[in-house]
Amino acid sequence: MTTGRWQLAHGARLDLCGKAVIVGILNVTPDSFSDGGLFVAPEQAVAQARRMVEEGAAVIDVGGESTRPGASPVTAEEEQARVLPIIEALTRFGKALISVDTYREDTARLAVAAGAHIVNDVWGLQREPGIARVAAETGAGLIIMHTGRDRQKLPDVIDDQFFFLRKSLEIARRSGIADDQIVLDPGFGFAKETAEENLDLMARFSELGALGFPLMAGTSRKRFIGAVTGRDASARGAGTAATSVILRLKGAQLFRVHDVAINVDALALADAMLARETTA
C-alpha cells in the first residue's frame, strides 16, 4: 500500500497512517473459544456491536464459523444464515465499517452485497481461491491471514510467514486485487502450537514489514497469553492489551480484539509514544 489509505467496498476508505485501528470481534457462533453462544441472537449481536463502536472500534468483524482447533465445520448455508442478518442490521446502524470473517467465496460475495466492506480470510486465499475474485470485483478490503494448518511449516517462524503470504499475494495479484485493498495478518495461534512460537513471532514481528503491506495483529485472548499469565480465556483482556502495545511499537496498524476499551486505552499510550519518538 502506497497511500496509507485502505480501499474498501462501497466507496469506503480507512486511514491507516494515523492512530491504531481497532477491529472488534463479533462471533455469532455457538462454539467460539471464548465467547461462543453469547451473541447468537441478532439483537444480542447488534447490541454488542454498538458497545464496541461506542468504545472505539472502527471495524466490526462478523464471523459465523468457529476457527478454534477442533471446532465442528458448518455448511455455507448455516454460516450465511448466521452472518447475513447481522451484516444487514449493522449496515442500517451505519456507524462502523463491517468485515466478514469467512474463507468461502459465496459467503463473501453475499456479505459484501449485504453491506460488508472487508473480507477477512483466515486461509489466506488458499482454501477457496475464488474468494479473491470477490475482492477484485467488488473492491472490498481484504485481510489475508497466515495459517500453518493442514501443511508442513518451515522451521523458521518468519520464513514460513514469507513462504505462505507471498503465495497468497500472488493469488491476489493474478485475480486483479489492488495492493491498497490488502492487509496482512500473521495468524497468531493458527497452527502456532506453543507459547514460544507465538512469542517468537511477536519478537520478530517488525520483520514482516518487508512484505510492504499494513499488518493486523489478532492476539486477542489467545492460548499463548494464558500460558504466560495463567488466566482463563475470558480474563485475558489485560494480557491482550499488553501484546497490542508491543505489536504497535513493532509496526502493527490494526488490532482485532474482543475487549475494545482496554485496547483503545493501551494503544493510545503506544501511539503517544510513537508520536514523541517522531518529534524528538
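Scoring rules and cut-offs
- Residues numbered from 1 in each chain as written.
- Predicted model: local features only at pLDDT ≥ 70, side-chain atom pairs only at ≥ 80, totals over all residues.
- Heavy atoms only, no water.
- UniProt positions renumbered as here; feature names shortened; annotations may be inferred.
- Helix = DSSP H or I, 4+ residues; strand = E, 2+ residues; numbered from the N terminus.
- Buried < 20%, exposed > 50% of the residue type's maximum accessible area, 1.4 Å probe, protein only.
- Pairing = 2+ DSSP bridges.
- Right-handed = clockwise from strand over helix to strand, strands pointing away.
- Arc of directions from axis to C-beta.
- Contact = heavy atoms within 4.5 Å.
- Axes fitted to C-alpha atoms, helices over the stretch in contact; angles between N-to-C directions.
- Salt bridge = Lys/Arg side-chain N within 4 Å of Asp/Glu carboxyl O.
- Phe/Tyr/Trp six-rings, centres within 6.5 Å; stacked < 30°, edge-to-face > 60°.
- Lys NZ or Arg CZ within 6 Å of the ring centre and 35° of its normal.

By the naming in an unreviewed UniProt entry, the protein chain goes by Dihydropteroate synthase and is assigned to Mesorhizobium robiniae. Regarding the protein chain, the relevant UniProt record gives this comment under Cofactor (unreviewed entry): "Mg(2+)".

## Structural notes on unusual backbone geometry
Despite not being glycine, His10 shows a phi value in the positive range, around 60°. Among the structural elements, His10 can be located in the loop between β1 (5-7) and β2 (13-15). Positive phi is not limited to glycine here, since Asp150 has a value of about 60°. Locating Asp150 in the fold gives a position in the loop between β7 (141-145) and α5 (157-175).

## Re the pairing of strand β3 (residues 21-27)
Walk down a regular strand and you will see the side chains alternate between the two sheet faces. Extensive coverage of β3 is indicated by the burial of seven of its seven residues. Of the two faces of β3, the one lined by Val21, Val23, Ile25 and Asn27 and the one lined by Ile22, Gly24 and Leu26 are each fully buried. Relative to strand β10 (residues 254-257), β3 runs parallel, the two being bridged by four bridges. By the bridge assignment, Gly24 is partnered in β10 with Val257. Looking at chain direction, β3 and strand β4 (residues 59-63) are connected through five bridges and run parallel.

## Re the pairing of strand β6 (residues 118-121)
The alternating pattern of β6 places Ile118 and Asn120 on one face and Val119 and Asp121 on the opposite face, and all of these are buried. Looking at chain direction, strand β5 (residues 97-101) and β6 are connected through three bridges and run parallel. When the sheet's bridge partners are listed, Ser99 is paired in β6 with Ile118. Once you follow β5 into helix α3 (residues 105-114) and on to β6, the crossover reads as right-handed. Note: β6 against β7, four bridges, orientation parallel. Among the inter-strand pairings, Val119 is bridged to a residue of β7, identified as Leu142. Each parallel crossover has a hand, and the one from β6 via helix α4 (residues 131-138) to β7 is right-handed.

## Remarks on helix α6 (residues 195-203)
Buried within α6 are the following residues: Ala195, Asn198, Leu201 and Met202. Summarising the axial view, the buried residues of α6 lie within an arc of 130°, below the 170-degree limit, and thus occupy one face. For α6, the secondary structure elements touched by its buried residues are α5, α7 (223-229) and α8 (237-249).

## Side note on the sheet that holds β3
Taken in spatial order, the eight strands of this open sheet run β8-β7-β6-β5-β4-β3-β10-β9, and their pairing is parallel. What marks the edges here is a single partner per strand, and that holds for β8 (182-185) and β9 (216-217). Bridging between β9 and β10 involves two bridges; their strand directions are parallel. Bridging from a neighbouring strand, Met216 pairs with Leu254 of β10. Contacting β3 and β4, helix α1 (residues 42-55) runs over the sheet at an angle of about 165° to β3.

## Considering the pattern of salt bridges
Tallying each qualifying case throughout the model produces 17 salt bridges. Across the pair Arg204 and Glu207 runs a salt bridge, and its minimum N-O distance is 2.8 Å. Residue Glu207 is classed as partly exposed on the basis of its relative accessible area of 33%. Within this structure, Glu105, Arg109, Arg133 and Glu137 form a network of salt bridges that share partners.

## What to know about the packing of aromatic side chains
If you walk through the whole model with that rule in mind, you get two aromatic pairs. Members of the aromatic cluster, joined through ring pairs, are Phe188, Phe205 and Phe224. One Lys or Arg, Arg166, reaches over the ring of Phe162 and ends 4.7 Å from the middle of that ring.

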